[in-house]
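Fold and contact review
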Amino acid sequence: GESTPAGPFVPTKEDYQKVYDAIAHRLANETDYDDGSYGPVLVRLAWHASGTYDKVTGTGGSNGATMRFAPESDHGANAGLKHARDFLEPIKAQFPWITYSDLWTLAGAAAIQELGGPVIPWRPGRQDKDVAACTPDGRLPDASKNQDHIRTIFGRMGFDDREMVALSGAHALGRAHTDRSGYEGPWDFSPTVFTNDYFKLLVDEKWNQRKWNGPAQFTDKTTSTLMMLPTDIALIKDKVFRKHVDRYAKDQDAFFKEFSDVYVKLLELGVPFESKPEDRIVFKASE
Ligand code: CCH
């Protein structure tokens with residue numbers, strides 16, 4: 001009889017776990033970067049790819065991976081994210097069937113898990129778009145601003161106050177770089193481990209304006225080695241935000257649970273999935 005031609009490759013959950021494993025493996029090997037891990041910058045890549053979403057027009061979001069192109073790659077907020085995109089190129093070469101937009105978000109989920117954070121259930125379904133789909137500059141938050149700005153920016157994506165605070169807890173990871181944002185320093189003492197320390201420090205430490213030539217930022221009274229952005233301090237100045245900061249500072253489990261839910265939501269903004277939420281993949285973390 002006739003032989004059936006091979007159809008398009010349809011990846012299974014096992015195939016996506018292989019992508020996860022390859023990212024985890026590369027994370028474990030490439031330790032000669034920043035504080036020893038690309039994990040934080042991968043978390044930020046997934047966030048900046050997704051956080052351009054506008055619920056009113058349905059534009060932006062992770063579906064498209066338009067940060068591959070200028071002008072979006074040159075937006076000030078995206079400075080430094082080339083390190084994350086380049087880190088993922090060998091993975092894309094190894095698994096050419098995955099879209100960049102699925103790969104970047106999967107890498108964000110993998111980085112959270114590999115750095116000791118909660119499980120981030122994830123599902124595929126994003127398609128890459130071309131340069132015409134680049135979002136205008138100004139959709140991501142400006143760290144020099146206050147709580148009104150946070151509510152405007154994250155409200156446009158469709159988040160409520162509690163979710164805005166939970167998402168901000170990602171600043172447990174990584175650091176600011178003078179050659180990227182102009183700010184400098186890590187938020188806590190373990191920038192490659194996902195914890196609720198960001199909230200603990202916001203509550204327990206005294207934060208003074210740093211005296212330096214750079215942009216206005218805060219430094220901890222005890223060691224003068226940590227930093228908070230003006231938008232981070234806005235979370236303890238605002239009464240409603242503060243309630244959630246206090247709660248997450250006291251209860252790491254609550255933070256992990258609520259962070260997972262909201263990071264999943266972030267990574268899925270504006271994606272026209274054919275699959276259902278219950279089809280999300282729960283990746284097995286490396287040992
Ligand atoms: Fe952030 N973030 N972020 N952030 N961010 C920076 C770094 C990281 C703001 C500003 C900055 C979120 C929300 C906000 C990460 C994850 C998230 C930097 C330093 C600035 C500035 C960049 C540099 O110099 O390299 C502002 C403003 C807001 C909200 O108002 C949210 C939400 C997330 C994720 C859920 C991570 C991770 C980093 C560290 C990146 C690295 O390279 O180490």
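What you see as residue numbers is a count from 1 along each chain, following the sequence as written. Reporting of local features is limited, given that this is a predicted model, to residues whose pLDDT is at least 70; pairs of side-chain atoms are given and counted only at 80 or more, and all residues count toward the totals for whole chains, interfaces and linings. For side-chain calculations, the full set of non-hydrogen atoms in the structure is used, while hydrogens and water are omitted.

Topic: the overall build of the protein chain
Here is the rule we go by: Helix and strand labels come from DSSP, where a helix needs a run of H or I of at least four residues and a strand needs a run of E of at least two; each type is numbered from the N terminus. Atoms considered for the radius of gyration are the C-alpha atoms alone. The globule rule reads 2.2 Å times the number of residues to the power 0.38. Working rule for contacts: check all heavy atoms of both residues, and any pair within 4.5 Å makes them a contact. Per-residue accessibility takes into account occlusion by the displayed protein chains alone, with areas from the Shrake-Rupley method and a 1.4 Å probe. Think of it this way: Lys and Arg go in the positive column, Asp and Glu in the negative one, and His and the chain ends go nowhere. Charged side chains are reduced to one point each, which is NZ for Lys, CZ for Arg, CG for Asp and CD for Glu.
A count of helices and strands for the protein chain gives 10 helices and five strands. Taken over C-alpha atoms, the radius of gyration comes to 19 Å for the protein chain, in line with the 19 Å a tight globule of 287 residues would show. Projecting the C-alpha coordinates of the protein chain onto the three principal axes gives extents of approximately 80 × 40 × 35 Å. For the protein chain, the share of sequence-separated contacts (at least 6 apart) that also reach a separation of at least 24 residues comes to 71%. Surface accessibility of the protein chain: about 13,300 Å² in total, with carbon and sulfur atoms responsible for 51%. Side-chain charges of the protein chain comprise 35 positive and 42 negative groups, with the mean position of each set lying 5 Å from the other.

A few points about the domain arrangement of the protein chain
Definition in use: Those domain boundaries reflect an automatic or database domain assignment. Summed over both partners, the accessible area lost on bringing two parts together, with a 1.4 Å probe, is the buried area. The salt bridge definition used is simple: a Lys or Arg side-chain nitrogen within 4 Å of an Asp or Glu carboxyl oxygen. Under the rule applied, a polar contact is a pair of N or O atoms within 3.5 Å (in protein, one hydrogen donor and one hydrogen acceptor; residues adjacent in sequence only if both atoms are side-chain atoms).
For the protein chain, the domain assignment lists domain 1 (13-139 + 262-279) and domain 2 (147-260). Each of domain 1 and domain 2 was reduced to a C-alpha centroid, and the two centroids are 22 Å apart. It is Asp-35, Leu-115 and Val-262 in domain 1 that bury the most area against domain 2; as a group they hold 27% of the surface buried on that side. Between domain 1 and domain 2 we count two salt bridges in total. Among the ionic pairs, Asp-35 bridges to Arg-175, the shortest N-O distance being 2.9 Å. Viewed at the interface, domain 2 and domain 1 are joined by 18 residue pairs in polar contact (both at pLDDT 80 or more). For the side of domain 1 that touches domain 2, the elements supplying multiple residues, two or more each, are helix 2 (39-50) and helix 10 (252-268). Here the element with the most residues in the side of domain 1 that touches domain 2 is helix 10; it accounts for five residues.

Here's the deal with the site of the ligand
The criterion, for reference: Here a residue is near a molecule or strand as soon as one of its heavy atoms is found within 4 Å of it. All amino acids are sorted into three groups, where Ala, Val, Leu, Ile, Met, Phe, Trp, Tyr, Cys and Pro are nonpolar, Asp, Glu, Lys and Arg are charged, and the leftover types, Gly among them, are polar.
Near the ligand, the surroundings consist of 24 residues, among which His-171, Gly-174, Arg-175, His-177 and Ser-181 are the closest. Here Trp-47 contributes a side-chain N or O atom positioned 3.2 Å from a nitrogen atom of the ligand. Note that an oxygen atom of the ligand is positioned 2.6 Å from one of the side-chain N or O atoms of His-177. Put simply, the parts of the chain that give the shell around the ligand at least two residues each are helix 2 and strand 1 (175-176). With five residues, the single largest contributor to the shell around the ligand is helix 2. Here the residues of the shell around the ligand sort into 15 nonpolar, five polar and four charged. Each of two domains, domain 1 (13-139 + 262-279) and domain 2 (147-260), supplies a minimum of three residues to the shell around the ligand.

A few points about unusual backbone geometry
Backbone torsion omega between Ala-70 and Pro-71 reads 10°, so that peptide bond is classified as cis. Of note, Pro-71 is situated in the loop between helix 2 and helix 3 (82-94). A positive phi angle, near 50°, is found at Asp-34, a position not held by glycine. Considering the arrangement of structural elements, one finds Asp-34 in the loop between helix 1 (13-29) and helix 2.

Some thoughts on the coordination of the iron atom of the ligand
Quick note on the threshold: Donor atoms: N, O and S within 2.8 Å of the metal, or within 3.2 Å for Na, K and Ca. Because water is excluded, sites can look incomplete.
There is one protein donor for the iron atom of the ligand, and it is His-171 (NE2), at 2.1 Å. Looking at where His-171 falls in the secondary structure, it is placed in the loop between helix 6 (161-168) and strand 1.

A look at the pattern of salt bridges
For clarity, the threshold we go by: Remark: exposure states derive from per-residue accessible area (1.4 Å probe, protein chains only) relative to the maximum for the residue type, with buried under 20%, exposed over 50%, and partly exposed in between.
Counted by the stated rule, this structure contains 16 salt bridges. Note that Asp-86 and Lys-82 form a salt bridge whose closest N and O atoms lie 2.7 Å from each other. Here Asp-86 and its partner Lys-82 are both found in helix 3, four residues apart, which amounts to about one turn of the helix. Look at Asp-86 and you get partly exposed, because its relative accessible area is 37%.

So, the nonpolar core
As a rule of thumb, nonpolar side chains are buried together in soluble globular proteins. Here is the rule: We call a set of buried Ala, Val, Leu, Ile, Met, Phe, Trp, Tyr and Cys residues a nonpolar core when their side-chain atoms join them within 4.5 Å.
Membership of the largest hydrophobic core comes to 85 residues, with the highest contact counts inside it found for Ile-23, Leu-88, Leu-106 and Tyr-263. The biggest single contributor to this core is helix 4 (residues 100-114), with nine residues. Among the domains, domain 1 (13-139 + 262-279) and domain 2 (147-260) are the pair contributing at least three residues each to this core. Each residue touching Tyr-263, except ones within four places of it in the same chain, is listed here: Val-43, Ala-46, Trp-47, Gly-108, Ala-109, Ile-112, Ile-120 and Leu-167.

Re the sheet that holds strand 3 (residues 207-209)
For the record, the criterion: Pairing between strands requires that DSSP locate at least two bridges from one strand to the other.
Overall, antiparallel pairing links the three strands, which are arranged 3-4-5 in an open sheet. A strand with exactly one partner marks an edge of an open sheet, and here the two such strands are strand 3 and strand 5 (227-228). Bridge count between strand 4 (residues 218-220) and strand 5: two bridges; the pairing is antiparallel. Bridge pairing in strand 5 places Thr-219 opposite Met-227.

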